[in-house]
Amino acid sequence: MSAEIGTTPATDKLPTGDCAFAYFSPLGVMLRVEASHPRLIEAVAAACRGWEAPADPQGPTLHLSLKVGPVPVDDTGPLVDTVGLRLSISGDVEAHADAGHGQARCRVANVGAFEDPAFREQVLDCLILWLLTRNGRTPIHASGFVVGPTAILLAGRSGSGKSCLALAAHSAGFPLLSDDTVYLETGRRLRVWGIPRPVHLFPEDAPQLPGAAIRLRNGKRKRAIALPAPPQPVTADAATLCVLHRGDRASLEWLDPATAIAALGPLEPGFDLLATEIEAGLCRITRRGAWRLTLSAEPKEAIALLAANLPRLIEHASS
């Protein structure tokens, strides 16, 4: 059995008794995975599919260990707790991550545990993103799409319309970064990363598609609208930020950097754990200014307005 990194066989996966390992590169960061069963390697391959890119040779190497064994059973599902750079997950799983050391470990009751996409997202995604977001990939609470090398980021609080705009942008033919969170790399270069996942909408806003599951997102019921996976990771090397505002009709107004950041308001739970990093990331992508995007009741009107103003948006993008 051969695990895969993207579409290339991981030739350095070594089956040594009950142990196997493989390398992956989510958001361009090297991740070494060691597992007690090859199917756990396959679960990581499924989790990382669509957001791998060639790893930065000067970046860190993160480590994830996966094992099968007895775990406490909890009908409430996975529960997450954080202290500083450490994260733990309990409830049908026993998992811990230490971002300061770039390491995470996880034990599940059976080798097929991660075949459930929701459980895989709650546990594997959580562990991997905990390590990544504290090792050079800063999360920004925004949806976004790309135009050539430029990301158009749509930032606002929960319920501001980010996901509806993401679906409208997809319908208009723009490659999506995300419907809720994008990731900034701001070390030696600026790069904006997205993770291909379903768009989550309130049921009353979502198209009535057969098989679209209802999930809890941040304690709210959302309908998951699956979109076709992109043929390659969606990234950008420049970005312009639009702060979302509700109004009677769609409009676009230039903002100076300080006004734009102030208009975003305080960080929401989860994002507030990385306040310093997020502030630095926002300063980086707004240093040439930003925009206030006023939304009407129809998301496609705002996307059409952005499309008509792409030259101005790209001209003010930060790189």
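Shown above is the structure to which this text applies.
Below: a short report on this structure. Since this is a predicted model, take the numbers as computed values, not measurements. (Residues numbered from 1 in each chain as written. Predicted model: local features only at pLDDT ≥ 70, side-chain atom pairs only at ≥ 80, totals over all residues. Heavy atoms only, no water.)

1. Regarding the sheet that holds strand E9 (residues 103-108)
Stage number 1. Strand order in the open sheet made by the 7 strands is E3-E4-E5-E9-E8-E7-E6, with mixed pairing throughout. Each having just a single partner strand, strand E3 (20-24) and strand E6 (79-83) make up the two edges of the open sheet. With direction set aside, neighbouring strand axes in the sheet form an average angle of 15°.
Stage number 2. The sheet contact formed by E3 and strand E4 (residues 30-35) spans 5 bridges and is antiparallel. Considered in E4, the bridge of Ala22 is made with Val33. (Pairing = 2+ DSSP bridges. Helix = DSSP H or I, 4+ residues; strand = E, 2+ residues; numbered from the N terminus. Axes fitted to C-alpha atoms, helices over the stretch in contact; angles between N-to-C directions.)

2. With respect to the nonpolar core
Stage number 1. Within the largest apolar cluster, 43 residues are counted, with the highest numbers of intra-cluster contacts made by Leu64, Leu66, Cys106, Phe114 and Leu127.
Stage number 2. Elements with a minimum of two residues in this core: E3, E4, helix H1 (38-48), strand E5 (61-68), strand E7 (86-90), strand E8 (93-98), E9 and helix H2 (117-132).
Stage number 3. With 9 residues, H2 is the largest single contributor of residues to this core.
Stage number 4. Among all residues touching Leu127, those that are not within four sequence positions of it are Leu64, Leu87, Ile89, Ala95, His96, Ala97, Ala104, Arg105 and Cys106.
Stage number 5. One finds Leu153, Leu177, Leu184 and Leu190 within the second-largest nonpolar core, a separate group that totals 25 residues. (Core = buried A, V, L, I, M, F, W, Y, C linked by side-chain atoms within 4.5 Å. Buried < 20%, exposed > 50% of the residue type's maximum accessible area, 1.4 Å probe, protein only. Contact = heavy atoms within 4.5 Å.)

3. Remarks on the environment of Arg246
Stage number 1. Mapped onto the fold, Arg246 is located in strand E19 (residues 238-246).
Stage number 2. Separated by 48 residues in sequence, Arg246 and Thr294 have C-alpha atoms that sit 5.4 Å apart.
Stage number 3. Apart from residues no more than four positions distant in its own chain, Arg246 is found in contact with Gly159, Ser160, Gly161, Thr294, Leu295 and Ser296.
Stage number 4. Reaching out from Arg246, the side chain makes a polar contact with the backbone oxygen of Ser160 at a distance of 3.5 Å. (Polar contact = N/O pair within 3.5 Å; in protein donor to acceptor, adjacent residues only side chain to side chain.)

4. Details of the pattern of salt bridges
Stage number 1. On inspection of all chains with the given rule, the structure shows 10 salt bridges.
Stage number 2. In this structure, Arg292 engages Glu253 in a salt bridge whose closest nitrogen and oxygen atoms are separated by 3.0 Å. Of this pair, Arg292 sits in strand E21 (residues 290-295) while Glu253 sits in strand E20 (residues 251-255), and the two are 39 residues apart along the sequence.
Stage number 3. On the basis of relative accessible area, Arg292 is assigned to the partly exposed category, the value being 22%.
Stage number 4. Here the salt bridges do not stand alone but share partners, grouping Arg137, Glu185 and Arg189 into one network. (Salt bridge = Lys/Arg side-chain N within 4 Å of Asp/Glu carboxyl O.)

5. Points about helix H6 (residues 299-308)
Each α-helix turn comprises 3.6 residues. Residues three or four places apart therefore point the same way.
Stage number 1. Those residues of H6 that fall on the buried side of the exposure criterion are Ala302, Ile303 and Leu306. Buried residues along H6 cover an arc of 100° about the axis, so they all sit on one side. H6 presents Lys300 and Ala308 as exposed residues on the side facing more than 90 degrees away from its buried surface. (Arc of directions from axis to C-beta.)

6. Here's the deal with the packing of helix H3 (residues 162-171) against H6
Stage number 1. Two elements in contact, H3 and H6, have axes separated by 9 Å at closest approach and are oriented at 60°. Considering their axes alone, H3 and H6 lie oblique with respect to each other. Crossing angle aside, the handedness with which H3 passes H6 is right-handed. Listed contacts from H6 to Cys164, Leu165, Ala168 and Ala169 of H3 are Pro299, Lys300, Ala302 and Ile303.
Stage number 2. Split into classes, the residues belonging to the contact of H3 with H6 amount to 7 nonpolar, no polar and 1 charged. (Parallel < 35°, antiparallel > 145°, perpendicular 65-115°, else oblique. Left-handed = near helix turned anticlockwise from the far one by under 90°. Nonpolar A, V, L, I, M, F, W, Y, C, P; charged D, E, K, R; others polar.)

7. Comments concerning the side chain of Asp56
Stage number 1. Inspection of the secondary structure assignment puts Asp56 in the loop between H1 and E5.
Stage number 2. A polar contact is formed between the side chain of Asp56 and the side chain of Arg188, at a distance of 2.6 Å.
Stage number 3. Non-local contacts of Asp56, meaning those with residues more than four positions away in its chain, are made with Gly28, Glu185 and Arg188.

8. Structural notes on the packing of aromatic side chains
Stage number 1. The tally for this structure, following the rule as stated, stands at 3 aromatic pairs.
Stage number 2. A centroid spacing of 4.6 Å and a plane angle of 35° characterise the contact between Phe145 and Phe174, whose relative ring orientation is tilted. You can see Phe145 sitting in strand E10 (residues 138-147) and its partner Phe174 sitting in the loop between H3 and strand E12 (176-178), a full 29 residues away along the chain. The same class applies to Phe145 and to Phe174, which are both buried. (Phe/Tyr/Trp six-rings, centres within 6.5 Å; stacked < 30°, edge-to-face > 60°.)

9. Some remarks on the pairing of E7
Stage number 1. Burial along E7 is one-sided: the residues Leu87 and Ile89 are buried and none of Arg86, Ser88 and Ser90 is.
Stage number 2. In this sheet, E7 lies alongside E6 in antiparallel orientation, the contact comprising 5 bridges. Bridged to Leu79 within E7 is Ser90.
Stage number 3. Taking the residues between adjacent antiparallel strands as the criterion, E6 and E7 are bridged by 2 residues, where Gly84 takes a positive phi near 60°.
Stage number 4. Alignment of E7 against E8, held across 5 bridges, turns out to be antiparallel.

10. A few points about the packing of H1 against H2
Stage number 1. For the pair H1 and H2, interaxial distance at closest approach is 10 Å and the crossing angle is 80°. By the criterion of interaxial angle, the relationship of H1 to H2 is roughly perpendicular. Residue-level inspection shows Ala43, Val44, Ala46, Ala47 and Cys48 of H1 in contact with H2, the latter providing Arg120, Leu124, Asp125 and Ile128.
Stage number 2. Residue classes in the contact of H1 with H2 are distributed as 7 nonpolar, no polar and 2 charged.

Worth remembering: the numbers are spatial, not functional.
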